[in-house]
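Here is how the chains run, residue by residue.
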Amino acid sequence: MPEAVKTWQVLELINVTEALFADNEIENPRLNAELLLADTLDIRRFDLYLSFDRPVGENELSAYRNRVKRRLAREPLQYITGKTEFFGLPIEVNPAVLIPRPETELLAEKTLAIAQGLKFSSPRILEIGTGSGCISIAIAHSIECQIDASDISKDALETAKKNSAANSTSEKINFILKDILSEPANFDDYDIVVSNPPYIPIDEYNLLEAELKNYEPRSALTDESDGLTFYRKILDIWSLSTSCSALLLEIGDNKSKSVETLLKERKIGNYAFHNDLLRIPRVLILERKR
Ligand SMILES: C[S@@+](CC[C@H](N)C(=O)[O-])C[C@H]1O[C@@H](n2cnc3c(N)ncnc32)[C@H](O)[C@@H]1O
């Protein structure tokens, strides 16, 4: 007689996957198991709790197994499900774009506050290194504005455009293929410039965990140097500008002192560092004295 094939139920699958992830040192093993299964079954995570004894069909099981294997190989959860959230908005992600980080929401929040404090109604904003488009989309979703969102990666810009359309911000954001390190730039065309640039020094990049190093775009993470290349370049352009009102930069861990030295070398005043929830200086704001 052929052996009966086991039918798995939701709760059993979650428990088994949680144990497997824990044995393999995946952080937050239960949460990872639940999010992967909910996405595979196309239900909300919360709804798993209402369906613990729901049988999981053969096709669903095979899709889920495949995704568990990918997670065990350290592929980030967001690349497996193809999505994340930023500022409460849905953002599609893939290996061409950095997965938006929660701490970057502070940069978007501060940019919005500055934009709302300007006296005119539709500020012109430049974003350097837009990636998935998350920062520009968060801003354009909240206020009247005109944004040029630039990146060196054509594939990232394709994803950003899709995200912008999905969040109904296409009319406010113009996506531009541009290398900020080698092409001329003038901040005086804008009221505000914002950037979360690649800031991981190459020696730290080489020590990163597999989730980041093997999956996220290298050019989004490191400047292949001391982690300060983009800060130098952007501050040089800011120093030459005369009318742009504000520059906002995300600051890497332990980078605030070195960035402050760059400011002093260029005799740039009127700046402030703002801490994130972990009390790490995360956002640098430069405002033009009027
Ligand atoms: C840290 S990621 C930020 C992505 C997104 N803004 C976010 O906050 O999640 C840096 C971005 O800068 C882009 N980039 C790298 N080198 C660049 C360059 N020379 N000029 C313009 N953009 C660049 C990368 O492609 C990447 O999308």
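Conventions we followed
Residues numbered from 1 in each chain as written. Predicted model: local features only at pLDDT ≥ 70, side-chain atom pairs only at ≥ 80, totals over all residues. Pairing = 2+ DSSP bridges. Helix = DSSP H or I, 4+ residues; strand = E, 2+ residues; numbered from the N terminus. Axes fitted to C-alpha atoms, helices over the stretch in contact; angles between N-to-C directions. Near = placed C-beta within 6 Å. Nonpolar A, V, L, I, M, F, W, Y, C, P; charged D, E, K, R; others polar. Buried ≥ 20, exposed ≤ 12 C-beta atoms within 10 Å, placed from the backbone. Contact = placed C-beta atoms within 7 Å. Core = buried A, V, L, I, M, F, W, Y, C linked by C-beta atoms within 7 Å.

Engineer: Can you help me understand the sheet that holds strand β9 (residues 281–287) in this one?
Structural biologist: One key point about sheets: their strands pair by backbone hydrogen bonds, in either a parallel or an antiparallel sense. Spatial strand order, β5-β4-β3-β6-β7-β9-β8: seven strands in an open sheet with mixed pairing. Either end of the sheet is taken by a strand with one partner, and the two such strands are β5 (173–177) and β8 (271–275). Ignoring strand direction, the axes of neighbouring strands in this sheet form an average angle of 20°. Summarising the sheet, strand β3 (residues 124–128) and strand β4 (residues 146–151) pair through five bridges and their orientation is parallel.

Engineer: Help me understand the site of the ligand in this model?
Structural biologist: Taken together, 23 residues surround the ligand, and among them Gly129, Gly131, Ile152, Asn196 and Ala220 come closest. Within the residue set of the shell around the ligand, elements represented by two or more residues are α7 (134–142), β4 and α11 (218–221). By residue class, the composition of the shell around the ligand is 12 nonpolar, nine polar and two charged.

Engineer: When you look at the environment of threonine 84 in this model, what are you seeing that I'm missing?
Structural biologist: You can see threonine 84 is positioned in strand β1 (residues 83–86). Its 20 C-beta neighbours within 10 Å are what place threonine 84 among the buried residues. Between the C-alpha atoms of threonine 84 and valine 10, which are 74 residues apart in sequence, the distance is 23 Å. Excluding its chain neighbours within four sequence positions, the residues that come into contact with threonine 84 are Gln78, Ile91, Val93, Ile99 and Pro100.

Engineer: Is there a simple way to think about the nonpolar core in this case?
Structural biologist: Side chains that are nonpolar tend, in soluble globular proteins, to be buried together. Ile125, Ile139 and Val193 are the most contacted members of the largest nonpolar core, which totals 51 residues. For this core, the element with the highest residue contribution is α7, accounting for six residues. If sequence neighbours within four positions are ignored, isoleucine 139 has contacts with Ala108, Thr111, Leu112, Ala115, Ile125, Cys145 and Ile147. Within the second largest apolar cluster, 14 residues are counted, among which are Leu13, Val56, Tyr64 and Ile80.

Engineer: I'm lost on the pairing of strand β7 (residues 246–250) in this one. Help?
Structural biologist: A regular strand places its side chains on the two faces of the sheet in alternate fashion. Of all five residues in β7, five are buried; the element is thus mostly enclosed. The alternating pattern of β7 places Ala246, Leu248 and Glu250 and Leu247 and Leu249 on opposite faces, both of which are buried. Sheet topology places strand β6 (residues 192–195) next to β7; four bridges connect them, and they run parallel. Directly across from valine 194, in β7, lies its bridge partner leucine 248. Pairing analysis gives five bridges linking β7 to β9, with the strands arranged antiparallel. Paired with leucine 248 across the strands is isoleucine 285, a residue of β9.

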